[in-house]
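Summary of the model geometry
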Number of protein chains: 2
Amino acid sequence: MLKGLIEKLGNQKVSQSESELYRHSGDESSHTRVEPDFVFFPENVEDVVKVLQLANEYDVPVTPYGAGSGLEGQAIPINKGISVNFDQMNKVVEFFPEDLMITVEPGMTRLQLNEYVNKHGLYFPIDPGADASIGGMVATNASGTTAVRYGSMRDQVLDLEVVLANGSIIHTGSKAKKSSSGYHLNGIFTGSEGTLGIITKVTVKLHGIPEKVLAARCTFETPGECAEAAQAVLSSGIQIMRMELVDAESIKQVNEYGNYTFPEAHSLFFEFAGSPNIVEEEATVVEELMKEFGCKNWEHANSSKERIELWKARHEMAYAYKHIKGKVSTGSDSCVPISKLAEMVVFGRKLLEESGLVGGVFGHVGDGNFHTLVMYDPNNSVEVEKAEYTNSQIALKAIKLGGTCTGEHGVGLGKMKYQVAEHGEAVELMKSVKALFDPKGILNPGKMFYI
Amino acid sequence: MLKGLIEKLGNQKVSQSESELYRHSGDESSHTRVEPDFVFFPENVEDVVKVLQLANEYDVPVTPYGAGSGLEGQAIPINKGISVNFDQMNKVVEFFPEDLMITVEPGMTRLQLNEYVNKHGLYFPIDPGADASIGGMVATNASGTTAVRYGSMRDQVLDLEVVLANGSIIHTGSKAKKSSSGYHLNGIFTGSEGTLGIITKVTVKLHGIPEKVLAARCTFETPGECAEAAQAVLSSGIQIMRMELVDAESIKQVNEYGNYTFPEAHSLFFEFAGSPNIVEEEATVVEELMKEFGCKNWEHANSSKERIELWKARHEMAYAYKHIKGKVSTGSDSCVPISKLAEMVVFGRKLLEESGLVGGVFGHVGDGNFHTLVMYDPNNSVEVEKAEYTNSQIALKAIKLGGTCTGEHGVGLGKMKYQVAEHGEAVELMKSVKALFDPKGILNPGKMFYI
């Protein structure tokens, strides 16, 4: 059966090599790997239409794969079938510099996109850390360190070209900056993780590259104080570019890993960006504010080199943890109203300590979004249990406080169990939407909802 | 039959008075009035559940009514049945000043909301002109003069409580500032015009009241030059608060109506808001930029009184037109990519002149959203035809240029005919979503799509 399907797709666009099957069996999370039956590399929208028509005919699952940088297993083909890889669909379709807008294929990564538009004085600011594909970032509604300024992917998407399960091609929006026409399909496809259709073109907003960037860092006694200080920055109305929390344990890991001497205390990292006068003023106001809140070790940096140095502990953090031998990482991704952030951060730190596992608390505190990262031995069932317990306690508490179990990673495999707790009756409606868009269940089955 | 239905709803919550039936038969548009069978005034979500359960049982349409300030007939019960009026559901449910967030009932108007939060230094900035209800603004994805800074209603909504057609109550979001959990129901209910469910609570973002506001005005030779100048402001990256175009004909109408002496030329109106130093700098940069583009009559105003005076021509414009005797108004609401705005504005002005009808071009040029307003005698079929022709040519050209037929008014009755031109195949998907959410077709039937 597979052989006939592969022939119809064209042998040269399909791979069953061991290395490709392995690559498409997982992402950057520790979710169990599952290899697809084969990988299909479409070159254009017609290829995507074809794979969906054939998937219907042969009744096999189709799982889109971007850069493989997901953190919740969205790209893992848990029911096997076809992995659809967008490496060949990574080009600029049309660039509209005057409209601060570009249309690209989904396989283009955010760094490729920036390389293309930077020379025109423009940039695409959403920065989830990894060099994710734009299609993947839309599919998970990714965000990251700049969301405090620009929002998440859903705020950038103007239009998507999507191939539906039945093979028909639709557009979900337009090139207008705002619209009250029709139902908001942009919104529902963004964050749908390949379960409602396959994205084949993405039109997003671009922004002008800020004239000046200034970085700063300071420390506090407790993670709760960091969160309270971050809340004060938000209330001041200052449009910061980034505001990140990194707890003392994480700084310690970075120091050990990189042989640095950063102050091993709970730290806030800031970035200000815009026209020079305004940026200087913002940094001064925040410095005064942080000192009112009792910060220590305020440092700021102007030059690009100094900025990189100052933010090093933030950038190398996840990396530092990952080098702990014999352990793998898992993490939480909750997002709560800002007024609850201090409570959550303290709660997360306490849970980690009670677990006895090595782990850190950090995050995009300007949005109320933070992560815990906990290291465990996957062959030690007690540690596995404890790591899972930590994650679930944080997700459930965030939901109880009016927040969400996932601020930016998406549901995938890891957050399915919290959907009813978070969305209640609305989950039934979501499941009926899934059934409407994908009646045969061929689109990334087994993700987001227990159906 | 109606009598039994009314009894079950409770006579004291229902009105069949002539004045109420008339009030609920129309909105601020010139769409044909249709009276409901009766008006129901729910006091809480349970009442809304009840009316939907009974509407199912008796198979009668339910049409929500907010402040009656809509411009596309969304609140007109064209198939009669029950008008659901939210005058009694206009209270604050919960206020979260630290989180810059509030939950209100849908009948609260935007001025009532601002009155409540202003004393805490906060405001709700979305300003469609009329004192619309918050529920109505969500239902149409309203925006207006401040969208260039804050986006539209969809960008403000964090959570909605919605009663579905079957009477079940869901929440569409959470109180987190961002989320990647579940399908984005906030987005699809915002702008759904009462066709997918009835909104009973709205949680929206609030913003800090800017410390200083500065207004300015200048004129250009042609509306095209205005649009080009507006585009230059956007490209400069300055975060203006408002940027409005008013064409010479509209200024002339205001002068005649109010006995003023404003320069009768195509004008741009600006508002800058924020911390004092930044605002002054922004105004200076824009003044220089406008002069480079050949503007005349640059004037700016600091005090609140001067500001009101300076913007008078903008504020009184629609009012001035409406006092032309024997004529009613109709208008277009298209939104295009900024680079196409000059072309559209010139096109709109030319159409008005060719029609021989009195009319103006104005709009929120920072978003690429603009309106034509054309006055016609509803009893003169040639004028009716010409007015309709003008609107349709503008909508279709906007769609052709990659834009939308409605930037902020919504589809209602007037933009149904453009849905296929704008959304193509996606309309079938939207109609299937409607059928899924409202299988019996009791929710505001006859709006948005021809089904």
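These numbers come from a predicted model, not from an experiment. (Residues numbered from 1 in each chain as written. Chains lettered and ligands numbered in written order. Predicted model: local features only at pLDDT ≥ 70, side-chain atom pairs only at ≥ 80, totals over all residues. Heavy atoms only, no water.)

Brief notes about helix H17 (residues 426-437) of chain A
Between the first and last C-alpha of H17(A) there are 17 Å, a value that for 12 residues agrees with the 16 Å anticipated at 1.5 Å per step. For H17(A), the secondary structure elements touched by its buried residues are helix H7 (185-189) and helix H16 (419-423) of chain A together with strand E9 (169-171), helix H7 (185-189) and helix H17 (426-437) of chain B. (Helix = DSSP H or I, 4+ residues; strand = E, 2+ residues; numbered from the N terminus. Expected span 1.5 Å × (residues − 1). Contact = heavy atoms within 4.5 Å.)

Section: the interface of chain B and chain A
Chain B puts 74 residues into the contact, and the matching count from chain A is 75 residues. When chain B packs against chain A, close to 5600 Å² is buried across both sides, 58% of that on carbon and sulfur atoms. Contact with chain A buries surface across chain B, with Lys178(B), Ser180(B) and Tyr183(B) losing the most and accounting together for 17% of the total. Inspection of the chain B/chain A interface yields 4 salt bridges. (Buried area = accessible area lost by both parts, 1.4 Å probe. Salt bridge = Lys/Arg side-chain N within 4 Å of Asp/Glu carboxyl O.)

Quick notes on the relation of the copies chain B and chain A
If you rotate chain B by 180 degrees and push it 0.0 Å along the axis, it lands on chain A with an RMSD of 0.0 Å. Read as a symmetry element, the transformation amounts to a two-fold axis. Across chain B, the rotation axis passes nearest the C-alpha of Gly187(B), at a separation of 2.8 Å. (Least-squares fit on C-alpha atoms with pLDDT ≥ 70 in both.)

Structural notes on the domain arrangement of chain A
Residues and elements named next belong to chain A. By domain assignment, chain A separates into domain 1 (1-209 + 411-451), domain 2 (212-318) and domain 3 (323-408). Placing a centre on the C-alpha atoms of domain 1 and another on those of domain 2 gives a separation of 34 Å. Listed per partner, the contact involves 7 residues of domain 1 and 9 residues of domain 2. Summing both partners gives a buried area of about 700 Å² for domain 1 against domain 2, and 52% of it is carried by carbon and sulfur. When residues of domain 1 are sorted by the area they lose upon contact with domain 2, Thr145, Val148 and Arg149 head the list and together hold 80% of the total. (Domains from an automatic or database assignment.)

Considerations on the nonpolar core
Ranked by internal contacts, the top residues of the largest apolar core, which has 92 residues, are Phe189(A) and Phe189(B). Ignoring sequence-local partners within four residues, the contact set of Phe189(A) consists of Leu160(A), Val162(A), Leu164(A), Ile170(A), Thr172(A), Leu196(A), Gly197(A), Phe437(A) and Leu429(B). (Core = buried A, V, L, I, M, F, W, Y, C linked by side-chain atoms within 4.5 Å. Buried < 20%, exposed > 50% of the residue type's maximum accessible area, 1.4 Å probe, protein only.)

Looking at the pairing of strand E12 (residues 212-220) of chain B
Residue and element names in this part refer to chain B. Of all 9 residues that make up E12, 8 are buried, and the element is covered over most of its length. Two elements, E12 and strand E14 (residues 266-274), share 9 bridges in a ladder whose sense is antiparallel. Paired with Lys212 across the bridge in E14 is Gly274. (Pairing = 2+ DSSP bridges.)

Re the environment of Ile198(B)
All names here are of chain B. Structurally, Ile198 can be placed in strand E10 (residues 198-205). Since its relative accessible area comes to 1%, Ile198 is described here as buried. A C-alpha to C-alpha distance of 5.4 Å links Ile198 and Val162, two positions 36 residues apart in sequence. Once residues lying within four places of it in the same chain are set aside, the contact partners of Ile198 are Val48, Leu52, Val62, Pro64, Phe86, Glu161, Val162, Val163 and Leu443.

Notes on the sheet that holds strand E3 (residues 62-65) of chain B
All names here are of chain B. Read from one edge to the other, the open sheet built from 4 strands follows the order E1-E2-E4-E3, with strand pairing classed as mixed. Strand pairing shows two members of the sheet lacking a second neighbour, strand E1 (14-15) and E3, which therefore form its edges. Two elements, strand E2 (residues 38-40) and strand E4 (residues 82-85), share 3 bridges in a ladder whose sense is parallel. Its bridge partner lying in E4, Val39 is registered against Ser83.

So, the pairing of strand E6 (residues 101-104) of chain B
All names here are of chain B. Burial along E6 is two-sided: the residues Met101 and Thr103 and Ile102 and Val104 are all buried. Joining the antiparallel neighbours strand E5 (residues 92-96) and E6 is a turn of 4 residues, in which Leu100 adopts a positive phi near 50 degrees. Relative to E10, E6 runs antiparallel, the two being bridged by 4 bridges. The partner of Met101 across the bridge, within E10, is Lys205.

Points about the packing of helix H8 (residues 223-235) of chain B against helix H10 (residues 276-292) of chain B
All names here are of chain B. For the pair H8 and H10, the least separation of the axes is 10 Å and the interaxial angle reads 140 degrees. For the element pair H8 / H10, the angle class is oblique. H10 is crossed by H8, and the crossing has right-handed handedness. Mapping the contact onto sequence places Ala229, Ala232 and Val233 in H8 and Val286, Leu289 and Met290 in H10. Among the residues making up the contact of H8 with H10, the classes are represented as 6 nonpolar, no polar and no charged. (Axes fitted to C-alpha atoms, helices over the stretch in contact; angles between N-to-C directions. Parallel < 35°, antiparallel > 145°, perpendicular 65-115°, else oblique. Left-handed = near helix turned anticlockwise from the far one by under 90°. Nonpolar A, V, L, I, M, F, W, Y, C, P; charged D, E, K, R; others polar.)

Some points on the sheet that holds strand E13 (residues 242-246) of chain A
Residue and element names in this part refer to chain A. Taken in spatial order, the 7 strands of this open sheet run E15-E12-E14-E13-E17-E18-E16, and their pairing is antiparallel. Looking at the sheet topology across the chains shown, the edges are occupied by strand E15 (296-301) and strand E16 (328-332). Adjacent strand axes in the sheet meet at a mean angle of 15 degrees, parallel and antiparallel pairs treated alike. Note: E13 against strand E14 (residues 266-274), 5 bridges, orientation antiparallel. Along E14, the bridge assignment pairs Leu245 with Leu268. Of the strands in this sheet, strand E12 (212-220), E14 and E15 touch helix H10 (residues 276-292), which is tilted by about 160 degrees from E14.

Describing the side chain of Ser25(A)
Residue and element names in this part refer to chain A. Residue position: Ser25 is located in the loop between helix H2 (18-23) and strand E2 (38-40). According to the relative accessible area criterion, Ser25 is buried, its value standing at 1%. Polar contacts involving the side chain of Ser25 include one to the main-chain carbonyl oxygen of Tyr22, which spans 2.6 Å. Residues within four places of Ser25 in sequence aside, it is in contact with Thr32, Arg33, Val34, Glu35, Pro36, Ile76 and Pro77. (Polar contact = N/O pair within 3.5 Å; in protein donor to acceptor, adjacent residues only side chain to side chain.)

Side note on the UniProt feature "domain: FAD-binding PCMH-type" (unreviewed entry) in chain A
As annotated by UniProt and renumbered to match this structure, "domain: FAD-binding PCMH-type" (unreviewed entry) occupies residues 32-209 of chain A. End-to-end, the C-alpha atoms of residues 32-209 of chain A are 40 Å apart, and along that stretch the chain is 21% helix and 24% strand. (UniProt positions renumbered as here; feature names shortened; annotations may be inferred.)

Quick look at the pattern of salt bridges
Scanning all chains against the criterion turns up 58 salt bridges over all chains. The shortest N-O distance in the salt bridge between Lys178(A) and Asp367(B) comes to 3.3 Å. Of this pair, Lys178(A) sits in the loop between strand E9 (169-171) and H7 while Asp367(B) sits in the loop between strand E17 (359-364) and strand E18 (369-376), on two different chains. Taken individually, Lys178(A) and Asp367(B) each receive the classification buried, so the pair is uniform in this respect. Each member of the salt-bridge network shares a partner with another, and the members are Arg110(A), Asp127(A), Arg242(A) and Glu271(A).

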